[in-house]
Amino acid sequence: MDPASPEDQLPRDPAAIIRAWGRGAKRFLARRWRIVFVAAVAVVLVATGGVVVALRAEASRLVNEADARHADGDCQDAIEALDELGPLHRLVAGDVVDSSVQGRRACSVLLGATSTDGDFEPDGLDEYLGHPGARWAHAGIVRAELLFNLSAGSGNGGWDAPGRDPEGALEQLVETLAAHPEESASVREVMSTYVGRFDKDWFIKPTEYPGYTEPLDEESVASDACAAREEYLWLHDGGWTEPELAEPIASTGDQGDDLLAGCAQVKQADGKLTAARSLYEDYLKSYADAPGARTVRKVHDELVDSIRHKQMRDRAVANADHPADGSNLDACGDARCQVSVTSGTTIPVGGPGGPYELHVTVAGGPVDLSLGGLFYSYSTTGGSFVSGDGYATWSSGPRGELTLNNKVAVGVDAVRGDRATLSVWQVD
């Protein structure tokens, strides 16, 4: 029997034909919907992946931009960049956003340490430097400048100004160099500005006249020379090996002699004569060949003489109630005596450049001396001197001194009512 043809296999019943067609259509439509669904899901996944990639890229850009601004010290713009990160960035790029947290906190500390005029508060800057999120390498330079007190200008900030700490500044610069070698030029610049404080004329050369050097008063000397010298010695004894520090320090090597002599002048002007003498002698040992050595030696020798003179005067004043020559006015004939006199007494004085006569007036106050004799110059360390046509007078209380012709001097040792004790001596 021949196999049935395809036509013989089709249902003969129309209803069966319709049911078979319906089943085929359903299977076809189901396959179509599966294809469309899979395609739609694929499109959504691709689109979502693109958004994620874009959001992560934007988050990375904003964080990198904030880091770059932070590294430049611009924390205001850095935080503004981070403020653009939204919830979606945190959702799809949480790791990127989390990496910016420490930097944001450090920037907040730095902004809190900044005044409206852009200056930095030292404690706040210290807190920033110690923060793990700090990115601004130049902050260490700024902190060192504050510790050096450079804002007041080279040499004018005061060697004992509040908050000034050169040792702390050097430590900060060493730490900055170790952590941020790229700040090398800035470290050198700060050091050069700092050591400029030593670049001045600390030793003021006294005015010299034939046979005489005018003493310096306290206002004429650089009163901070001793503080500057102490810091100078510490600096040169520090053993700094970093060239950014060592080379600027070495550039001040020729300031040591002036600082030493300047400090001696400060002590001398302040009446600390023994200390001044010791410093002058240190100078003459260490800088014997320096250009100022001749002047320093002359000042030293005159200081030694003045120390001897002060000792002599101290002994005379201490002995004023028991003068060496009593009331013996003849003892003043060689211009060496200590006598007790009453008002109206005339003392004849001999010695170099003499003779002179000293007519004494005492009335319970200063001693008045009317001067007789030939004199062409005088100097006093107390009292008042008046001269006119044919007369000259000097008035002084205890310890006042008058020198005539740079040869003979008279000093008031004590005054008791109408009696005074006077000393006369030859000026070496």
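Everything below is about the structure shown above.
None of the values given here were measured: they were computed from a predicted structure. (Residues numbered from 1 in each chain as written. Predicted model: local features only at pLDDT ≥ 70, side-chain atom pairs only at ≥ 80, totals over all residues. Heavy atoms only, no water.)

(A) Spatial organisation of the sheet that holds strand E11 (residues 408-416). Spatially, 5 strands are ordered E3-E12-E11-E10-E7 in an open sheet, and the strand pairing comes out antiparallel. For this open sheet the edge positions go to strand E3 (337-342) and strand E7 (378-380), each flanked by a neighbour on one side alone. The mean angle between the axes of side-by-side strands here comes to 20°, regardless of whether they run parallel or antiparallel. (Pairing = 2+ DSSP bridges. Helix = DSSP H or I, 4+ residues; strand = E, 2+ residues; numbered from the N terminus. Axes fitted to C-alpha atoms, helices over the stretch in contact; angles between N-to-C directions.)

(B) Structural detail: the nonpolar core. Counting 45 residues, the largest nonpolar core has Phe148, Leu173, Met191, Tyr194, Phe198 and Tyr283 as its most contacted members. At the level of elements, helix H8 (139-148), helix H9 (166-179), helix H10 (184-195), helix H11 (225-236), helix H12 (243-250), helix H13 (256-269), helix H14 (273-286) and helix H15 (293-318) are the ones that each hand at least two residues to this core. With residues up to four places along the chain from it excluded, the contact list for Leu173 reads Ile141, Ala144, Phe148, Val187, Val190, Met191 and Leu245. Counting 28 residues, the second-largest nonpolar core is a separate cluster that includes Cys332, Val341, Val349 and Val412. (Core = buried A, V, L, I, M, F, W, Y, C linked by side-chain atoms within 4.5 Å. Buried < 20%, exposed > 50% of the residue type's maximum accessible area, 1.4 Å probe, protein only. Contact = heavy atoms within 4.5 Å.)

(C) Summary view of a negative patch on the surface. Together, Asp165, Glu167, Glu171 and Glu175 give the surface a local cluster of negative charge. Position of Glu171 relative to the elements: it lies in helix H9. (Patch = residues over 30% accessible without salt bridge, like charges linked within 9 Å, V, L, I, M, F, W, Y side chains within 5 Å. Areas by Shrake-Rupley, 256 points an atom, 1.4 Å probe, with all protein chains shown as cover. Salt bridge = Lys/Arg side-chain N within 4 Å of Asp/Glu carboxyl O. Lys, Arg positive; Asp, Glu negative; His and termini not counted. Charge placed at Lys NZ, Arg CZ, Asp CG, Glu CD.)

(D) Quick look at the sheet that holds strand E9 (residues 391-396). Strand order in the open sheet formed by 5 strands is E4-E5-E6-E9-E8, with antiparallel pairing between adjacent strands. Each edge of the open sheet is held by one strand with a lone partner, namely strand E4 (346-349) and strand E8 (384-388). The average angle at which neighbouring strand axes cross in this sheet is 20°, direction not considered. Relative to strand E5 (residues 356-362), E4 runs antiparallel, the two sharing 4 bridges.

(E) Seen up close, the packing of helix H3 (residues 75-82) against helix H6 (residues 101-112). Axis separation between H3 and H6 bottoms out at 9 Å; the angle between their running directions is 145°. Crossing of H3 against H6: the hand is left-handed. Where H3 abuts H6, its residues Cys75, Gln76, Ala78, Ile79 and Leu82 lie against Arg104, Cys107, Ser108, Leu110 and Leu111. Looking at side-chain class alone, the contact of H3 with H6 contains 7 nonpolar, 2 polar and 1 charged residues. (Left-handed = near helix turned anticlockwise from the far one by under 90°. Nonpolar A, V, L, I, M, F, W, Y, C, P; charged D, E, K, R; others polar.)

(F) Representation of unusual backbone geometry within the structure. Omega for the peptide link from Gly354 to Pro355 comes to 5°, which places this bond in the cis form. Along the chain, the position of Pro355 falls in the loop between E4 and E5. Residue Ala335 is not a glycine yet carries a positive backbone phi of 65°. The residue Ala335 is located in the loop between H15 and E3 in this model. What makes Ala335 buried here is its relative accessible area of 0%. Although it is not a glycine, Arg399 sits at a positive phi angle of roughly 75°. Within the element layout of this structure, Arg399 appears in the loop between E9 and strand E10 (401-404). A relative accessible area of 44% means that Arg399 is categorised as partly exposed.

(G) Representation of the packing of aromatic side chains within the structure. With the rule as written, the count across this model stands at 10 aromatic pairs. Judged by centre distance (4.1 Å) and plane angle (15°), the rings of Phe148 and Tyr194 are stacked. Of this pair, Phe148 sits in helix H8 while Tyr194 sits in helix H10, placing them 46 residues apart in sequence. Accessibility classification places Phe148 together with Tyr194 in one group, the buried group. Among the aromatic side chains, those forming a connected cluster through ring pairs are Phe148, Trp159, Tyr194, Phe198, Trp202 and Tyr232. If you follow Arg197 out to its NZ or CZ, it ends over the ring of Trp159, 4.1 Å from the centre. Of note, Lys200 hangs over the ring of Trp202, and the distance from its end group to the ring centre comes to 4.5 Å. (Phe/Tyr/Trp six-rings, centres within 6.5 Å; stacked < 30°, edge-to-face > 60°. Lys NZ or Arg CZ within 6 Å of the ring centre and 35° of its normal.)

Functional significance is not addressed by these values, which are geometric in nature.
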